[in-house]
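The residues making up each chain are set out below.
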Amino acid sequence: MKKVTIVGGGFAGLNLAKRLATNKSLDITLVDKNNYHFFSPLLYQVSTAFIEPSNICYPFRKLMQGQHNLRFFMGELICVHPHDSAIETNHGILKFDYLILATGTETSYFGNESLRRNALPMKTVDDALRIRNHILLKLEEAVRTSTPTEKVRLKNIVIAGGGPTGVEMAGMIAEMAINIASKEYHDVGSATGHIYLINGGASLLAPMSKTAQQEAYQVLKSLGVKVMLMTLVKDYIDENVILNNGDVIPSATLIWCSGVEARKIKGLPENVFASGNRILVDEINRVHGTQNIFAIGDLCFQTTDLCHPKAHPQVAQVAIQQGITLSKNLQRLTANQPTTPFLYHDRGKMAIISRYRAVVDLQNRSFKRFFAWLVWLFIHLVPLVSARNRLKVLVNWGMSFVTNDAALRLIIRPEMKEKP
């Protein structure tokens, strides 16, 4: 049996593993530092206490029940040893005949150490829970303090990045401020805090249509969000957000949604890395200069698709489609059959802005407001990995959207105590 090792259980790695598992001549190992797959497009709803983490997560081992040629290995990739056909993890060495790297990306702070230490990223479930706890804790601090300027600092929330994640975060936090904080934290007093959305470009949702960009801007403004375009966060020092135009916003909360980069894979030659540490691959996602190592998803940099000569966008649909295509090509390779190049089929872009307000670009048409919101709901339910998750999310969404008062605002801070 050919040993196939997949590092990363996100959209790309999981879709690849599930499809390869139908081929009983392959021995597949999925490696991930977490023991669960999570649906990253809904992380912001976890961070704003709208849904629980279990709604968007599912254990790998439960997904693999009954698949005897598919195993899970919990560990973090340390280094690739191409000449030995092996990878080194923090829990041991794994051999492979084919290696697929699908480790995705991590938050990029563009080399700013102060931002890395003090801003709040949102790339993982841990990040989302940390943001949830942080926002709730700062509101509790605002209740206790009697200094107006301190209340403003604690209530101000700055979000850096005007892409889908930043827009969705801003809209959801604004809804919380209007519908929940005003009722539950009325003893904060008259000191007014604001939600700031800082974006370096001339418009929000840059990859989307003008209709979507204008709708996002207008809805956020109506919710009280202070949208600042053509502006960058330069630094974050002593809970002061410093902008490139010289302005300073006192804020105890800076949520960073402004950039991502791939984590550089040790052991691969330097000449396979492109901008953002992405890995150069050929038309079947094989890493340049190798025969049995592949990279898929946000990690890879592929220029052979004529419709995307400057590489594909780092979105879930690319990762899913690359996982599916590579599953077919690996089976063709093991059978000595010709492979087919990967071609991305863009199925549209979307973002939710607030309750019952969303924007959707499908092919050459754009939709907004309630109909777009319904489309957004349906498309985000379908990819969840189990019927249980779909039902839980649907019920939670129904209750939360109707009552506008989700009861998930729990500050849970587990502590690892040292043994005496």
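In the block above lies the structure referred to throughout.
Residues numbered from 1 in each chain as written. Predicted model: local features only at pLDDT ≥ 70, side-chain atom pairs only at ≥ 80, totals over all residues. Heavy atoms only, no water.

Some remarks on the side chain of glutamate 168
And then number 1: Here glutamate 168 lies in helix H7 (residues 164-184).
And then number 2: Nearest to the buried, unbridged glutamate 168 among oppositely charged side chains is lysine 123, at 12 Å.
And then number 3: Within polar-contact distance, the side chain of glutamate 168 engages the backbone nitrogen of isoleucine 352 at 3.2 Å. (Helix = DSSP H or I, 4+ residues; strand = E, 2+ residues; numbered from the N terminus. Buried < 20%, exposed > 50% of the residue type's maximum accessible area, 1.4 Å probe, protein only. Lys, Arg positive; Asp, Glu negative; His and termini not counted. Salt bridge = Lys/Arg side-chain N within 4 Å of Asp/Glu carboxyl O. Polar contact = N/O pair within 3.5 Å; in protein donor to acceptor, adjacent residues only side chain to side chain.)

What about H7?
And then number 1: Between its first and last C-alpha atoms H7 spans 28 Å; for 21 residues at 1.5 Å apiece the expected length is 30 Å, and the two agree.
And then number 2: At alanine 177, H7 shows its maximal kink, close to 40°. (Expected span 1.5 Å × (residues − 1). Bend = angle between axes of the 7 residues up to and from the residue.)

A few points about unusual backbone geometry
Trans peptide bonds make up the majority, and among non-glycine residues the majority have a negative phi.
And then number 1: A positive phi is found at serine 85, a non-glycine position, where the angle reads about 50°.
And then number 2: Locating serine 85 in the fold gives a position in the loop between strand S6 (77-81) and strand S7 (86-89).
And then number 3: Although it is not a glycine, asparagine 277 adopts a positive phi angle of roughly 65°.
And then number 4: Inspection of the secondary structure assignment puts asparagine 277 in the loop between strand S19 (260-262) and strand S20 (279-281).

Here we look at the packing of helix H5 (residues 125-144) against helix H6 (residues 148-155)
And then number 1: At a minimum axis separation of 9 Å, H5 and H6 run at an interaxial angle of 170°. Between H5 and H6, the angle is such that the two are roughly antiparallel. Of the residues in H6, those touching H5 at Lys138, Glu141, Ala142 and Val143 are Lys151, Leu154 and Lys155.
And then number 2: Taken together, the residues of the contact of H5 with H6 break down into three nonpolar, no polar and four charged. (Axes fitted to C-alpha atoms, helices over the stretch in contact; angles between N-to-C directions. Parallel < 35°, antiparallel > 145°, perpendicular 65-115°, else oblique. Contact = heavy atoms within 4.5 Å. Nonpolar A, V, L, I, M, F, W, Y, C, P; charged D, E, K, R; others polar.)

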